[in-house]
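Chains, contacts and geometry: an overview
Chain by chain, the residues run as shown.
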Amino acid sequence: MTADTWNDLEANDPAARLAILLFRHFLHMEQREFARSAGINVSQLSYYERGVRAASRKSQEKAAGAAGLPTTLLDFVLRDIRSFRLAARGRSCAKRVFAHGTAAEVIALVRLATDVILQPLTELRPAAAARPSAADRAEAAALWAGLEPCTAAQRRLLVEELEEYWSWALSERVAAESVARALNHPQEALELAELALLIAGRVPGEELWRCRLAGYAGIFLGNARRACNDLPGADEALARARTLFEAGAASDPGLLNEAWLPWIESALRRAQRRFPEALKRIEEALALDRGELRGKILMTKANLHDALGDTEASTAALYEAAPLIDPIREPRNAFGLRFNLVSDLAQLENFGEAEARLPEVQALAEKLGKELDLTRSMWLQAQVHAGLGRLAEARDAFEQVRQVFRLRELTFDYALVSLELALLLLKERRAAEVSTLAGEMLTIFRTQKVEREALAALQLFCEAAKRKTATVELARRVVKFLHRAQHDPELRFETEG
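Within each chain, residues carry numbers counting from 1 in the order of the written sequence. Side-chain atom pairs in this predicted model are given and counted only at pLDDT of 80 or more, local residue features only at pLDDT of at least 70, and totals for whole chains, interfaces and linings cover all residues. To get the side-chain values, take all heavy atoms of the structure and skip hydrogens and water.

1. Points about the side chain of Glu-49
Secondary structure elements follow DSSP: runs of H or I no shorter than four residues count as helices, runs of E no shorter than two count as strands, and numbering proceeds from the N terminus. If you trace the backbone, Glu-49 turns up in helix α4 (residues 42-50). Each residue gets one of three labels from its accessible area relative to the maximum for its type: buried under 20%, exposed over 50%, partly exposed in between, using a 1.4 Å probe on protein chains only. Glu-49 gets classed as buried once you look at its relative accessible area, which sits at 6%. Two N or O atoms form a polar contact when they lie within 3.5 Å of each other; inside protein one atom must be a possible hydrogen donor and the other a possible acceptor, and for residues adjacent in sequence the pair counts only when both atoms belong to side chains. Polar side-chain contacts of Glu-49 include one of 2.6 Å to the side chain of Arg-24. Residue contacts follow a heavy-atom distance rule, with two residues in contact if any of their heavy atoms lie within 4.5 Å. Residues within four places of Glu-49 in sequence aside, it is in contact with Arg-17, Ile-20, Leu-21, Arg-24 and Gln-31.

And the structure:
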């Protein structure tokens, strides 16, 4: 029999599982804390302790080392555990074998081994909960890497059954994943927010800390419901989240960012068209933020001002946010910010600065490599060309952008770029071409879903264009309206200038 074969047989012995339990309970540590101390993957440790998987000799030695036991004594511990197990069955062979240890070590280990073998695990002294710290986030990242490929049902089952997932930092991480997916995958965002809440309720330690965590997870539950267009449900979730979050504040050693609550509330108030409240919450979020969310909160502030038609305030917020969004680490957010900034500058007719900033937008679009990003960059280029009097270049670019939006059935964007082209043609007194353009637009609008108020404004312009009575001023008013309406679909178009 080779040494490796012998080690494999030893690893399958129940004594190895009990020894690992003995070492952990000797230190009064939870699984995740002991796994970190021993250098063992927390999932592997859980399998070893439950007997699902045999612990290798190397893992046993790591566990012994974490408990302060010399590895030379490991075999004596294993043999003594086997003796206790046999004694418990009425077949005593409890011969003392700790010949190489001190008397104190022998007595302590025998007492602990007896506790583990002869008492049900539920009677063992519960481990003291480790104080939460920022270092827990590294382990949470590893736990999430294991959970992410699972289905929603599998994730819930793992969290319900395995103690290693009862981590405040994992609840925080899952909440962050929820908000990241809310825009494009709202149902998945909802499942993740509910999972974060489930984890929060199982975190060991003080009840107030669980209360704080439940309130934090509830913030993201409210956000996910808003993304799913359940505004009453979102309101209810956020109200409860605020109560729990504030009630548990004394237990938080400063780990959870308080800016999330007013920031998410702002998004809900905006969806409810309660714009003054939305702006108030944004200012609260900026005052509470510790710096990590500031750039993104400012982007939200800019969008709010854009929805209110205050382009100058939107531009100011974007200027402030620009240095806070790293194009290398967050290329998608950086592209959105810089795109909106150039768009605002074009609306303010600051075409010189818009052109100077355009290459950065185009470079980010190329880095992202998405057709729509590249198309939108060309759209900005067309607006800048038009503003600087390069009419032929502007017309060509507008036409290319229109075709992409039409093929993609992006009706709102198609309407905007068509109106901008019409505005250009009206300035050139090419009313006949505007009339033809209006006919194409009406055909598209009849086959695609367009919000009622936006459709009314578009039809008003198209009918005037077909009668050749459309003016530059009317085109400008409709373009400005549609820019706002994309952020506020219920905004009414005033027929009088």
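2. Quick notes on helix α17 (residues 311-321)
Among the residues of α17, Thr-311, Ala-313, Ser-314, Thr-315, Ala-317, Leu-318 and Ala-321 are the ones counted as buried. Next to the buried residues of α17 lie α16 (294-307) and α18 (331-347).

3. Concerning the pattern of salt bridges
Whenever Lys or Arg places a side-chain nitrogen within 4 Å of a carboxyl oxygen from Asp or Glu, that contact is recorded as a salt bridge. What the rule picks out here adds up to 36 salt bridges. The residue Glu-330 makes a salt bridge to Lys-296 at a minimum N-O spacing of 3.1 Å. With Glu-330 in the loop between α17 and α18 and Lys-296 in helix α16, the pair connects residues that are 34 residues apart, well separated along the chain. By relative accessible area, which is 29% here, Lys-296 ends up partly exposed. Note that Arg-402 and Glu-399 form a salt bridge whose closest N and O atoms lie 3.2 Å from each other. Of this pair, Arg-402 and Glu-399 both sit in helix α21 (residues 391-407), 3 residues apart, which is roughly one turn of the helix. A relative accessible area of 2% means that Arg-402 is categorised as buried. Three or more residues are tied together by salt bridges with common partners; here these are Glu-148, Arg-173, Glu-177, Arg-181 and Glu-188.

4. Quick look at the side chain of His-305
Mapped onto the fold, His-305 is located in helix α16. Every residue in contact with His-305, bar those within four places of it in the chain, is listed here: Leu-279, Asp-310, Ala-313 and Ser-314.

5. Observations concerning the packing of aromatic side chains
Paired rings are identified among Phe, Tyr and Trp, the last through its six-membered ring, by centres lying within 6.5 Å, and are further divided according to the angle between planes into stacked (under 30 degrees), edge-to-face (over 60) and tilted (the rest). In the structure shown here, the tally under the stated rule is 7 aromatic pairs. Each ring, one from Phe-335 and one from Phe-339, has its centre 6.0 Å from the other, and the planes form 40°; the classification is tilted. One end of the pair is Phe-335 and the other is Phe-339, both in helix α18 and 4 residues apart, which spans about a single turn. We classify Phe-339 as buried; its relative accessible area is 14%. In this structure an aromatic cluster arises from ring pairing among Tyr-216, Phe-220, Phe-245, Trp-260 and Trp-263. As a reminder, the over-ring test applies to NZ of lysine and CZ of arginine, requiring each to be within 6 Å of the ring centre and within 35 degrees of the ring normal. The ring of Phe-245 has Arg-212 sitting right over it, with the charged end atom 3.7 Å from the ring centre.

6. Let's talk about the environment of Glu-312
Inspection of the secondary structure puts Glu-312 in helix α17. Classification of Glu-312 as exposed rests on a relative accessible area of 59%. The spacing of Glu-312 and Asp-344 is 32 residues in sequence and 7.8 Å in space, taken between C-alpha atoms.

7. With respect to the nonpolar core
Counting residues in each nonpolar core, the largest one holds 101 residues, and the members touching the most others are Phe-23, Leu-170 and Ile-219. Look past the residues within four positions of Ile-219 in its chain and what remains in contact with it is Leu-238, Ala-241, Trp-260, Leu-261 and Ile-264. Take the buried residues of types Ala, Val, Leu, Ile, Met, Phe, Trp, Tyr and Cys, join any two whose side-chain atoms come within 4.5 Å, and each joined set is a nonpolar core. If you look at the next biggest cluster of nonpolar residues, it comprises 42 residues, including Ala-422, Leu-437, Ile-444 and Leu-491.

8. Topic: helix α3 (residues 31-38)
Regarding α3, the residues found buried are Gln-31, Arg-32, Phe-34, Ala-35 and Ala-38. Buried residues of α3, seen end-on, are gathered within an arc of 165° and therefore sit on one face of the element. Buried residues along α3 sit in contact with α2 (14-26), α4, α5 (57-66) and α8 (136-147). Taken from the residues just after α3, Gly-39 is the one with a positive phi, measuring 75°. Read the arc as the range of directions from the helix axis to the C-beta atoms.

These values are about where atoms sit, not about what they do.
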